[in-house]
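Descriptive structure summary
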Amino acid sequence: MNTIIRKLGGANMDIDLTTPEDRIGWKQDKCPWNEAERTDAHKCAVKNVSICPYFCGIEYLDNVLCCYPHGNPLKVIE
């Protein structure tokens, strides 16, 4: 499988981020899964709740690595 991992700026992570999107002073890329489904329901990670199945990590400075819509190449199969 040839998975493409995208780098999304601004970390759509929702971890302790309580500022409304229109008040954020930095670039924040849209989640490709949300765009495909025309929603805002998906987050990369939510503290004490979940991690998106397409989340492949974080890169300095706040770039989220995302493999949507492909399978996550980092997922460990037990």
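Criteria and thresholds
Residues numbered from 1 in each chain as written. Predicted model: local features only at pLDDT ≥ 70, side-chain atom pairs only at ≥ 80, totals over all residues. Heavy atoms only, no water. Pairing = 2+ DSSP bridges. Helix = DSSP H or I, 4+ residues; strand = E, 2+ residues; numbered from the N terminus. Axes fitted to C-alpha atoms, helices over the stretch in contact; angles between N-to-C directions. Phe/Tyr/Trp six-rings, centres within 6.5 Å; stacked < 30°, edge-to-face > 60°. Buried < 20%, exposed > 50% of the residue type's maximum accessible area, 1.4 Å probe, protein only.

On to the sheet that holds strand 4 (residues 55-59), then. One open sheet accounts for three strands, arranged 1-5-4; its pairing is antiparallel. In this open sheet, the two edge strands, each paired with only one partner strand, are strand 1 (6-8) and strand 4. When strand polarity is set aside, the average angle formed by the axes of neighbouring strands in this sheet is 30°. Here three bridges tie strand 1 to strand 5 (residues 63-66), and the two strands are oriented antiparallel to one another. Note on strand 5: the bridge partner recorded for Leu8 is Val64.

Now for the packing of aromatic side chains. If you walk through the whole model with that rule in mind, you get three aromatic pairs. Judged by centre distance (6.0 Å) and plane angle (20°), the rings of Trp33 and Tyr68 are stacked. One end of the pair, Trp33, is in helix 1 (residues 32-37); the other, Tyr68, is in the segment after strand 5, with 35 residues separating them in the sequence. An aromatic cluster is built from Trp33, Tyr54 and Tyr68, whose rings are joined through pairwise contacts.

The subject of this paragraph is the pairing of strand 5. Two strands pair when backbone bridges link them, and strand 4 and strand 5 are joined in this way by four bridges, in the antiparallel orientation. If you follow Phe55 over to strand 5, its bridge partner there is Cys66. Joining the antiparallel neighbours strand 4 and strand 5 is a turn of three residues, in which Asp62 adopts a positive phi near 55°.

This next bit is on unusual backbone geometry. In this structure, the amide linkage connecting Tyr68 to the following residue, Pro69, adopts the cis form with an omega of 5°. Mapping Pro69 onto the fold places it in the segment after strand 5. Phi is positive for Arg38, which is not a glycine, with a value near 50°. Positionally, Arg38 belongs in the loop between helix 1 and strand 2 (45-46). Judged by relative accessible area, Arg38 falls into the exposed class, the value being 80%.

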